[in-house]
Amino acid sequence: MNADDKKEFRGWEYAIKGDYHRNLDPNWSYTPTYLKKMHYVRSFLDNLPQGLRILDAGCGEGVLVEEYIAKGFDICGIDLNYESDYVLHGDILNMPYKNEEFDAVLLLDVFEHIPFTDQPKVLKEISRILKPRGKLLAAIPNLAHMNSRIRFLLFGVIDRTDIIENHLGERPMNENVGLLKKAGFAIGDIRGITLTLPIIYGRLICHWPSKFIWLHNILDFIARPKLAMLNIFICEKMGNGR
């Protein structure tokens, strides 16, 4: 490929921060959660049967796409705010893929950025491109995590996982469960990541993530989905409907 023909587009935070997932800052407050999430996602991908077609929807820099193409996987990525040799610039509300083209779809830290009214449309579009019994792995923040519940009870304040301008569609876990089921997905497993234990999470782990990542990972053993900051849903498309 000629250097002048190289695909490149950077929007949203990528235009400011660059490839901040690829060049991960160990002192970013979200780093312990991100690393644990990627561990689960890699485990999911590594255990898929060989030869499946996989889409990373809203893949950002395409970290997993590039990594798993190198491993011989049939995987591609699409993102509204990024384009490269590994990532197609496009909208997951209207993806340029055929009906029932994919065996598995990843939706990682994307759903919360989508307005409430568009979230069912995204799930419908994912269902359209998934084969019957196809797998969806979705990583979605939980607005009703432990510290958020406690702060709301005591002070009437919700502890969001990001500013509302970035997380327009952030919901409690049970609402995300309802949306997935309504879209025709059977939820096989839900895993919680990051227990937001008051004081310990906010004043230790978030302030010094590289120093206290061991504490984050210990707390993860008791991070039940309803109280965890991030939920990983492992789902299956039911039936032939779209």
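In the block above lies the structure referred to throughout.
Keep in mind that this is a model prediction, so the values were computed, not measured.

1. A closer look at the pattern of salt bridges
Point 1. Evaluated as defined, the whole model comprises 18 salt bridges.
Point 2. One salt bridge connects Arg53 with Glu101, and the closest N-O pair in it is separated by 3.2 Å. Of the two residues, Arg53 is situated in strand β2 (residues 53-57) and Glu101 in the loop between β5 (87-89) and β6 (102-108); the sequence distance between them amounts to 48 residues.
Point 3. Linking Lys121 and Asp118 is a salt bridge whose minimum nitrogen-to-oxygen distance equals 3.3 Å.
Point 4. With relative accessibility at 18%, the residue Asp118 sits in the buried group.
Point 5. Beyond isolated ion pairs, a larger network of salt bridges with shared partners links Arg10, Asp19, Arg22 and Glu66.

2. Side note on the sheet that holds β6
Point 1. In space, the seven strands of this open sheet follow the order β5-β3-β2-β6-β7-β9-β8, with mixed pairing throughout. A strand with exactly one partner marks an edge of an open sheet, and here the two such strands are β5 and β8 (185-195). Between one strand axis and the next, the sheet turns by 20° as a mean value, whatever way the strands run.
Point 2. By the bridge criterion, nine bridges tie β8 to strand β9 (residues 228-237) in an arrangement that is antiparallel. Counterpart to Ile190 in the pairing with β9 is Phe233.

3. So, the environment of Gly77
Point 1. Inspection of the secondary structure puts Gly77 in strand β3 (residues 74-79).
Point 2. Placed 15 residues apart in sequence, Gly77 and Gly62 show a C-alpha to C-alpha distance of 6.3 Å.

4. Details of helix α2 (residues 31-46)
Point 1. When the terminal C-alpha atoms of α2 are compared, their 22 Å separation across 16 residues agrees well with the 22 Å that a helix rising 1.5 Å per residue should span.
Point 2. When we look at burial in α2, the residues that qualify are Thr31, Pro32, Thr33, Tyr34, Lys37, Met38, Val41, Phe44 and Leu45.

5. Side note on the nonpolar core
Point 1. If you look at the biggest cluster of nonpolar residues, it comprises 37 residues, and the most contacted ones within it are Val41, Leu45, Ile54, Leu64, Leu106, Leu108 and Leu137.
Point 2. For this core, the secondary-structure elements that each account for two or more residues are α2, α3 (63-70), β6, β7 (130-141), β8, α7 (200-205), α8 (209-219) and β9.
Point 3. Excluding anything up to four places from it in sequence, Leu106 contacts Val41, Phe44, Leu45, Leu55, Asp56, Ala57, Leu64 and Leu137.
Point 4. Formed by 28 residues, the second largest nonpolar core is a distinct cluster that contains Cys76, Tyr97, Val110 and Met173.

6. Details of the packing of α2 against α3
Point 1. Close contact between α2 and α3 brings their axes to 12 Å; oriented N to C, the two are set at 35°. When you trace α2 past α3, the crossing you get is right-handed. For the pair α2 and α3, contact is made by Tyr34, Met38, Val41, Arg42, Leu45 and Asp46 and by Val63, Leu64, Glu67 and Tyr68, respectively.
Point 2. Partitioned by chemical class, the residues of the contact of α2 with α3 number seven nonpolar, no polar and three charged.

7. A word on the environment of His167
Point 1. Tracing the backbone through its elements, the reader meets His167 in the loop between α5 (146-155) and α6 (173-182).
Point 2. Along the chain, His167 and Ile234 lie 67 residues apart, while their C-alpha atoms are 22 Å from each other.
Point 3. Each residue touching His167, except ones within four places of it in the same chain, is listed here: Glu112, His113, Pro141, Arg160, Thr161 and Asp162.
Point 4. One polar contact links His167 to Thr161, side chain to side chain, over a distance of 3.0 Å.

About the cut-offs
- Residues numbered from 1 in each chain as written.
- Predicted model: local features only at pLDDT ≥ 70, side-chain atom pairs only at ≥ 80, totals over all residues.
- Heavy atoms only, no water.
- Salt bridge = Lys/Arg side-chain N within 4 Å of Asp/Glu carboxyl O.
- Helix = DSSP H or I, 4+ residues; strand = E, 2+ residues; numbered from the N terminus.
- Buried < 20%, exposed > 50% of the residue type's maximum accessible area, 1.4 Å probe, protein only.
- Pairing = 2+ DSSP bridges.
- Axes fitted to C-alpha atoms, helices over the stretch in contact; angles between N-to-C directions.
- Expected span 1.5 Å × (residues − 1).
- Core = buried A, V, L, I, M, F, W, Y, C linked by side-chain atoms within 4.5 Å.
- Contact = heavy atoms within 4.5 Å.
- Left-handed = near helix turned anticlockwise from the far one by under 90°.
- Nonpolar A, V, L, I, M, F, W, Y, C, P; charged D, E, K, R; others polar.
- Polar contact = N/O pair within 3.5 Å; in protein donor to acceptor, adjacent residues only side chain to side chain.

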